[in-house]
Number of protein chains: 2
Amino acid sequence: MAELIRVSSQSRSTAVAGAIAGIMREQGYVEMQAIGASALNQAIKAVTIARGYLRDDGFDLMIVPEFTEVEIEGAERTAIRMAICKRAMAAGGAVAATVAC
Amino acid sequence: MAELIRVSSQSRSTAVAGAIAGIMREQGYVEMQAIGASALNQAIKAVTIARGYLRDDGFDLMIVPEFTEVEIEGAERTAIRMAICKRAMAAGGAVAATVAC
């Protein structure tokens, strides 16, 4: 079962970026979920920041988004669920390959 | 030079999704730029919708986000620039490989 990071409009993008980097180093895969534009903004900024944190680890990140329905206090909301995938970087920064994701 | 789709908060995500699908079919690569949470929300929803449009074409999409500074009416703004990358799908939907991106 993949770890799921729930990002809200109040989430600090640098804190979420640190969580993404940590889980990607250990497990190589993580999922994020955001409901609403402000939360999604924090989530995407966090992945962008985490790419920098992981540069020295020799891999990059890619996002695969999908819609998912979630129930919040009895109401159906459409969330964006994002799979965060690892892509190995070849020397010089050229793309080597993407780990299955 | 890659095509750049500038997404605003007023952009219709289905229209942007159609543009993404068309360019990806023809060129296999496109970039999107969004400034602000509402515009980014439309951009990410558009990629999510475009993934569905391209399913029958046998490939999926992944997003690689980065920050970029843009000048809007003389003011510096931080935009999110997103590279939209093609990943080939193997039979059964398993990931085959990612086209260099």
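Here, every reference points to the structure presented above.
**Student:** I'd like a description of the overall build of chain A, backed by residues and values.
**Tutor:** The number of helices and strands found in chain A is two helices and five strands. Ordered by position in the sequence, the α and β elements of chain A form the string β-α-β-α-β-β-β. Taken over 101 residues, chain A has a buried fraction of 45%. Counting contacts in chain A only where the partners sit at least 6 residues apart, residues at least 24 apart contribute 61% of the total. Total accessible area computed for chain A in this model is approximately 4,900 Å², and 47% of it derives from carbon and sulfur atoms.

**Student:** Can you tell me about the relation of the copies chain A and chain B, naming the residues and giving the values?
**Tutor:** When chain A is fitted onto chain B, the two copies agree to an RMSD of 0.0 Å after a turn of 180 degrees and an axial shift of 0.0 Å. Here the transformation between the copies is reduced to the relation of a two-fold axis. Interface overlap between copies is the fraction of interface residues in one copy that are interface residues in the other; for chain A against chain B it reaches 100%, indicating a shared surface.

**Student:** Got a sec to walk through the environment of Ser38 of chain A? Specific residues and values, please.
**Tutor:** Locating Ser38 of chain A in the fold gives a position in helix 2 (residues 37-53). A sequence separation of 27 residues divides Ser38 of chain A from Ser11 of chain A, and the C-alpha atoms of the two residues are 9.6 Å apart.

**Student:** For the interface of chain A and chain B, give the residues involved together with the corresponding values.
**Tutor:** If you look at the interface, chain A gives 24 residues, while chain B gives 24 residues. Both sides together, the interface formed by chain A and chain B hides about 2,100 Å², and carbon and sulfur atoms give 72% of it. Where chain A touches chain B, the interface holds zero salt bridges. Between the two partners, chain A and chain B, sit three residue pairs in polar contact (both at pLDDT 80 or more). Element by element, the count of residues in the side of chain A that touches chain B is highest for helix 2 of chain A, at ten residues. Here the residues of the side of chain A that touches chain B sort into 15 nonpolar, four polar and five charged.

**Student:** Can you tell me about the side chain of Gln33 of chain A, naming the residues and giving the values?
**Tutor:** All names here are of chain A. Here Gln33 shows up in strand 2 (residues 29-34). Relative accessible area serves as the criterion here: at 8%, Gln33 is assigned to the buried category. Setting aside residues up to four positions removed in sequence, Gln33 forms contacts with Leu4, Ile5, Arg6, Val7, Thr68, Val70, Ala79, Ile80 and Arg81.

**Student:** How would you sum up unusual backbone geometry? Please name residues and give values.
**Tutor:** Phi angles above zero are rare outside glycine, and Glu73 of chain A is one such case at about 50 degrees. Tracing the backbone through its elements, the reader meets Glu73 of chain A in the loop between strand 3 (59-72) and strand 4 (75-89).

**Student:** Before we move on, can you summarise the packing of helix 1 (residues 13-27) of chain B against helix 2 (residues 37-53) of chain B with the specific residues and values?
**Tutor:** Residue and element names in this part refer to chain B. At a minimum axis distance of 8 Å, the contact between helix 1 and helix 2 shows a crossing angle of 55 degrees. Viewed along their axes, helix 1 and helix 2 adopt a mutual orientation that is oblique. Considering only the axes of helix 1 and helix 2, their crossing is right-handed. Along its contact with helix 1, which presents Ser13, Thr14, Val16, Ala17, Gly18, Ile20, Ala21 and Arg25, the element helix 2 presents Gln42, Lys45, Ala46, Val47, Ile49, Ala50 and Tyr53. Of the residues belonging to the contact of helix 1 with helix 2, the class tally is nine nonpolar, four polar and two charged.

**Student:** Please provide a residue-by-residue account of helix 2 of chain A, values included.
**Tutor:** An ideal rise of 1.5 Å per residue puts 24 Å on 17 residues; helix 2 of chain A measures up with 24 Å between its terminal C-alpha atoms. With respect to burial, helix 2 of chain A is a largely interior element, twelve of its 17 residues being buried.

**Student:** Explain the packing of aromatic side chains to me, and be specific about the residues and the numbers.
**Tutor:** Summed over all chains, the structure comprises zero aromatic pairs over all chains. Here Lys86 of chain A stacks its cationic end above the ring of Phe59 of chain A, 4.3 Å away from the centre of that ring.

**Student:** Describe the pattern of salt bridges, with residues and values.
**Tutor:** Throughout the structure, instances matching the rule amount to eight salt bridges over all chains. Salt bridges linked by common partners bring Arg51, Asp60 and Arg87 of chain A together as one network.

**Student:** Could you give an account of the environment of Val64 of chain A, naming the residues involved and the relevant values?
**Tutor:** In this structure, Val64 of chain A sits in strand 3. A relative accessible area of 7% places Val64 of chain A in the buried class. Separated by 17 residues in sequence, Val64 of chain A and Arg81 of chain A place their C-alpha atoms 8.4 Å apart. Among all residues touching Val64 of chain A, those that are not within four sequence positions of it are Arg81, Met82, Ala83 and Cys85 of chain A together with Arg51, Asp60, Leu61, Met62 and Arg87 of chain B.

About the cut-offs
- Residues numbered from 1 in each chain as written.
- Chains lettered and ligands numbered in written order.
- Predicted model: local features only at pLDDT ≥ 70, side-chain atom pairs only at ≥ 80, totals over all residues.
- Heavy atoms only, no water.
- Helix = DSSP H or I, 4+ residues; strand = E, 2+ residues; numbered from the N terminus.
- Buried < 20%, exposed > 50% of the residue type's maximum accessible area, 1.4 Å probe, protein only.
- Contact = heavy atoms within 4.5 Å.
- Areas by Shrake-Rupley, 256 points an atom, 1.4 Å probe, with all protein chains shown as cover.
- Least-squares fit on C-alpha atoms with pLDDT ≥ 70 in both.
- Buried area = accessible area lost by both parts, 1.4 Å probe.
- Salt bridge = Lys/Arg side-chain N within 4 Å of Asp/Glu carboxyl O.
- Polar contact = N/O pair within 3.5 Å; in protein donor to acceptor, adjacent residues only side chain to side chain.
- Nonpolar A, V, L, I, M, F, W, Y, C, P; charged D, E, K, R; others polar.
- Axes fitted to C-alpha atoms, helices over the stretch in contact; angles between N-to-C directions.
- Parallel < 35°, antiparallel > 145°, perpendicular 65-115°, else oblique.
- Left-handed = near helix turned anticlockwise from the far one by under 90°.
- Expected span 1.5 Å × (residues − 1).
- Phe/Tyr/Trp six-rings, centres within 6.5 Å; stacked < 30°, edge-to-face > 60°.
- Lys NZ or Arg CZ within 6 Å of the ring centre and 35° of its normal.

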